[in-house]
Each structure stands twice: as C-alpha cells, then as structure tokens.
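# Remarks on the overall topology
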Amino acid sequence: MAHDENGIGTTCVQGGYVPGNGDPRQVPIVQSTTFKYDTSNAMGRLFDLEDTGYFYTRLQNPTNDAVAAKIAQLEGGTAGMLTSSGQAANFFACFNIAEAGSHIVASSAIYGGTFNLLAHTMAKMGVQTTFVSPLCSDEELEAAFRPNTKAVFGETIANPALAVLDIERFARAAHAHGVPLIVDNTFPTPVNCRPIEWGADIVTHSTTKYMDGHAVHVGGAIVDSGNFDWMAHADKFPGLTTPDESYHGIVYAQKFGNAGAFITKATSQLMRDFGSIQSPQNAFYLNMGLESLHVRMPRHCSNGQAAAEFLSGHPKVAGVRYPGLPGDPYHELAEKYLPNGSCGVVSFDVAGGRAAAERFMSALRICNIETHVADSHTCCLHPASSTHRQMTDDELVAAGISPSMVRLSCGLEDADDIIADLDQALATL
Ligand SMILES: *Cc1c(COP(=O)(O)O)cnc(C)c1O
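These numbers come from a predicted model, not from an experiment.

### Regarding the domain arrangement of the protein
Split by domain assignment, the protein resolves into domain 1 (10-289) and domain 2 (295-427). Taken over C-alpha atoms, the centre of domain 1 sits 29 Å from the centre of domain 2. Residue-level contacts link 37 residues of domain 1 with 38 residues of domain 2. With both chains or domains summed, domain 1 and domain 2 bury close to 3100 Å², and 62% of this area falls on carbon and sulfur atoms.

Shown next as structure tokens:
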C-alpha cells in the first residue's frame, strides 16, 4: 500500500487530521485525562471495544491518534500508535507477540538501548534473542531461527554503526519461518525509506529524532503494515489468535483483522498495563516536526554527505562510515533502499585512537557534545564512553563500533560552517 494518493510532503503537512467546518486548523492539544459520557452503557461499550471513542488518555487521546494516523500514512501502514519513547515502541512491538519462552532474531547492528532491551531486560523476562550480523550469510541467518522464534528485528540504518539492513532478505527469512519482520526506521524516516514497501510487517520509530527534529520531545511510534496474516500462523501468536480473557474473550485477529489486530492489542493490553503514553503536548510538538520533515531530511543528508566527503579525505581521520560514500560497505544497499539519501549521521575514527577522539571533540565549537542525534543542531558523541559503555569489547565490535569512533549528527546549519569546525578541531591534533 502506498502512503496515500498524495505526495509524501503533502502527507507530512496534512496527514492524519482533517478539520471540519469551523474546526481548529492546527491539530488541537486535547489536554484532558478523561472524556464525558451520558450513560454508563455508552462508556461500557468503549471498554468492551464494541464502539470506538475516548475514555481515558492512557489508552487513547485524539491528539495522539491524529499524529499516529499521520505517521501510519507516511509509512504506508494500516494502523499506528504513539508511545512515550522509542524504547517503549521497540519493547511494545516485540512484547506484543513474544512472551516468556519466546525467541527473537535480531541484527547485531542496532541502537545500544535496543541491544540492552533485547539482550538483557527481555532475557530476564524469558524472551531470548539471537543476534546476527546484518551482513551474515543466508545460512547464518537461517541457523539463527528456532521453533519458538516470534519475530525478526533490525534497523533500516543502524544507530550508530550506519549499517543498512537488507530489508527484503530479512523479510524473506522471517516470512519463511512464519514470523513478522520488525524494522526500526528512525534514521531514514519514511521520507527516505518506507520499509513496508520492501516487506517489513511492523515499523517502529524513536520520534525523538528526525521526526521531532528540534530536540524538544522524547517519543516513539509503532506502525502496522496490516500485511502479516496472524491467523495463518495462529499457533505461534496465541495472544492475537485466541480469546483475551482480559477483554471478554475477544480474538484480536478475528475482530480487527490483519489491519487492526496488532495495534489494538498493543493499545488495549500493553498500553493499559504498562502506561507508556506520549503526552498530548509532546504529540503536538511531534506533529510540528512532521510538518517540515520532507523539507528538513534532504538538508540533513546533504550536510552529512558533505561532512563525510571532507572527513574521508583528511589525514587525521582513520576511517569514515557513511552509506552515501562510494566504497562504504553498505553503499550498494543504500543505493537500493535509500536512493534519495540516508541520514545526517556520519561515523568516523579519529587517527590516534580513543584519546585523540576525545581531544578532537573538546575542540569543536559548532558541533556540540550531546547524547543525541538527528535534530537541527549539529552534535557529536563518543559511543564507547557513553551510549554503548555497558558493552564488552566483543559486543562493541559486533555492533560495528570501535573505541575511537565518533558519531557526528549533521544538523541544518550551513555545510561550510560544519566543515570549518571539523577542520579546525582536527588541526589541534
Ligand atoms: C534513539 C533511538 C531509539 C530509542 O529511542 P528513545 O526515544 O531515545 O527512547 C531506538 N532506536 C533508534 C534507532 C534510536 O536512534
């Protein structure tokens, strides 16, 4: 399914919310915990999922729903939901179909927080994960599956390793084993890649990054393609295909079909019980970011490309990783999946190792040291001593991170100024 009949820019600006006569033009912030009803029976039908409507903002809120619908349209999915963070989105996406005794196959090149979630926290909950290199052979990928595997997980462009996932290949392997492919599409955003068009079943986002784009909110989103046939693999996904006793015996896949089952279950069970909602105020900020996403992404990409080209020719830089560079191990995959550009994030190694990397960073003026990526301000980070510091050296290598790697996130400033700043900081070494 295409995002809709409009171009992606029109959907960025107008998707998800159609004001009626005399309604507010901008998506209103419905800053209300609760909603009023005339009869208990009318409200009861909402609790039974017999009618759609609002009763409590932990479950659903009109502001959040409008913004989730826009993101679902942008990704070409059938349903979407917002979460309090990208971490919550990835946890919900996995835990909605995996439970104690289940198993997940994941790319090893993923965000450090998601690695911890899968390798440690979900393992404590009884969900085991086998990690495979995004460049593993078909045989290695095949060997990672077990009879209790419930999903395959990867990132379109891994943060910070910048590995590009071969979505079609991972989707084929997942589907051959009767399980969905979950793709975290945070870095490219639907402006640069729509994983569903390549076979992904569930798409997740940290909306904290480019979708917000201005570093004002932490949030996440989940989109369902509506393509995965849960009933065809009913024995693997009892949570979707057998009665939910906490909802009067509803069978999600029967009542809501492939288009709605996944998100309805994630909302009515996981959001009900874990409560990781995005506030309506934050959903409003997210929507402001989405309105210019299609205008901002090309600038992030051209600044990233310019910085990567400058760094790759510099004698004090030991290596540069950017999918837009010819010769990058993921360049061919980027040409296939990201023909209009990848993202503004460039990873590189400063010659002279860890100490030189830290000295270089403290000499930067425009590029700020921040635990962030993907907003309007250029920033940089040393993953080995920050986001990925829990990892062993072996785990770092598997995630595509070296001790001297610097992650540079190119913002929306002038490329010449970003390059001049990198140049003067390298000159201090
Ligand atoms: C930042 C990030 C996350 C986590 O998102 P939060 O909003 O920080 O919880 C997950 N995946 C990717 C690819 C990210 O970059």
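### Focus: the UniProt feature "modified residue: N6-(pyridoxal phosphate)lysine" (unreviewed entry) in the protein
According to UniProt, the feature "modified residue: N6-(pyridoxal phosphate)lysine" (unreviewed entry) maps to K209 in the numbering used here. Residue placement: K209 occurs in the loop between β6 (202-206) and β7 (220-224). Contacts of K209, omitting those with residues within four sequence positions, involve N159, T186, H372, V373 and A374.

### Comments concerning the environment of D51
With respect to the helices and strands, the residue D51 is situated in the loop between α2 (40-47) and α3 (62-75). When the C-alpha positions of D51 and S107 are compared, they lie 40 Å apart, and in sequence the two are 56 residues distant. When near neighbours in sequence (up to four residues on either side) are disregarded, D51 contacts R45 and L46. In terms of polar contacts, D51 uses its side chain to reach the side chain of R45, at 2.9 Å.

### Comments concerning helix α12 (residues 280-290)
All buried positions along α12 are accounted for by P280, A283, F284, L286, N287, G289 and L290. Where the residues of α12 are buried, they touch α1 (8-14), α3, β1 (79-83) and α13 (293-312).

### Things to note about the site of the ligand
Neighbouring residues of the ligand: 16 residues in total, closest N159, D184, S206, T208 and K209. Note that an oxygen atom of the ligand is positioned 2.8 Å from one of the side-chain N or O atoms of S206. Across the complex, the protein chains shield 92% of the 380 Å² of accessible surface that the ligand would expose by itself. Among the cavities detected, the one that contains the ligand is the second largest pocket. Top contributing element to the shell around the ligand by residue count: helix α4 (residues 86-95), with 3 residues. Split by residue class, the shell around the ligand holds 3 nonpolar, 10 polar and 3 charged.

### Focus on the layout of surface pockets
Considered as a void within the structure, the largest pocket measures approximately 620 Å³ in volume. L59, Q60, D65, T264 and T267 are, among the 30 residues lining the largest pocket, the residues nearest its centre. Broken down by secondary-structure element, the contributors of at least two residues to the lining of the largest pocket are α3, β1 and α11 (257-274). The element contributing the most residues to the lining of the largest pocket is α11, with 6 residues. Looking at the lining of the largest pocket residue by residue, the classes come out as 14 nonpolar, 13 polar and 3 charged.

### Some points on the packing of α3 against α12
For any two helices packed against each other, one specifies the inter-axial angle together with the distance between the axes. In the contact formed by α3 and α12, the axes pass within 8 Å of each other and the chain directions differ by 35°. In this structure, the crossing between α3 and α12 has a hand that is left-handed. Judged by residue contacts, T63, N64, V67, K70, I71 and L74 of α3 engage P280, A283, F284, L286, N287 and L290 from α12. Of the residues assigned to the contact of α3 with α12, the class counts are 8 nonpolar, 3 polar and 1 charged.

### A short note on the sheet that holds β6
One open sheet holds the 7 strands; their spatial order is β1-β7-β6-β5-β4-β2-β3, and the pairing between them is mixed. The open sheet terminates on both sides in strands that have one partner only, identified here as β1 and β3 (128-132). With strand direction ignored, the average angle separating the axes of adjacent strands in the sheet is 20°. Examined bridge by bridge, β6 and β7 share 5 bridges and lie antiparallel to one another. Pairing of T204 across the sheet is with I222, part of β7.

### Examining the packing of α13 against helix α17 (residues 415-427)
Put simply, α13 and α17 touch, their axes get as near as 9 Å, and they point 30° apart. Judged by the angle between their axes, α13 and α17 are roughly parallel. The crossing of α13 and α17 is right-handed. Side by side, α13 and α17 meet where N303, A306, A307, F310 and L311 of the first sit next to A415, I418, I419, L422, D423 and L426 of the second. Of the residues contributing to the contact of α13 with α17, the split by class is 9 nonpolar, 1 polar and 1 charged.

### What to know about the state of the cysteines
Such a bond, covalent and formed between the sulfur atoms of two cysteines, is termed a disulfide. Tallying each qualifying case throughout the model produces 0 disulfides. Between C301, a free cysteine, and C343, which holds the nearest cysteine sulfur, the sulfur-to-sulfur gap is 6.6 Å. By relative accessible area, which is 7% here, C301 ends up buried. Among the cysteines around C410, which has no disulfide bond, C367 carries the closest sulfur, lying 7.1 Å off.

### Re the sheet that holds strand β12 (residues 405-409)
Spatially, β8-β9-β12-β11-β10 is the arrangement adopted by the 5 strands of the open sheet, whose pairing is mixed. The open sheet has two edge strands with one neighbour each: β8 (317-321) and β10 (368-369). Looking at chain direction, β10 and strand β11 (residues 379-381) are connected through 2 bridges and run parallel. When the sheet's bridge partners are listed, I369 is paired in β11 with C380.

What counts, and at which threshold
Residues numbered from 1 in each chain as written. Predicted model: local features only at pLDDT ≥ 70, side-chain atom pairs only at ≥ 80, totals over all residues. Heavy atoms only, no water. Domains from an automatic or database assignment. Contact = heavy atoms within 4.5 Å. Buried area = accessible area lost by both parts, 1.4 Å probe. UniProt positions renumbered as here; feature names shortened; annotations may be inferred. Helix = DSSP H or I, 4+ residues; strand = E, 2+ residues; numbered from the N terminus. Polar contact = N/O pair within 3.5 Å; in protein donor to acceptor, adjacent residues only side chain to side chain. Buried < 20%, exposed > 50% of the residue type's maximum accessible area, 1.4 Å probe, protein only. Near = heavy atom within 4 Å. Areas by Shrake-Rupley, 256 points an atom, 1.4 Å probe, with all protein chains shown as cover. 1 Å grid on protein atoms, 1.4 Å probe; cavity = no way out; pocket = protein on both sides within 12 Å on 5 of 7 lines; lining within 4 Å. Sits in = over half its atoms within 2 Å of the grid points. Nonpolar A, V, L, I, M, F, W, Y, C, P; charged D, E, K, R; others polar. Points joined across faces, edges and corners; volume = space filled by probe spheres on them. Axes fitted to C-alpha atoms, helices over the stretch in contact; angles between N-to-C directions. Left-handed = near helix turned anticlockwise from the far one by under 90°. Pairing = 2+ DSSP bridges. Parallel < 35°, antiparallel > 145°, perpendicular 65-115°, else oblique. Disulfide = S-S within 2.5 Å.

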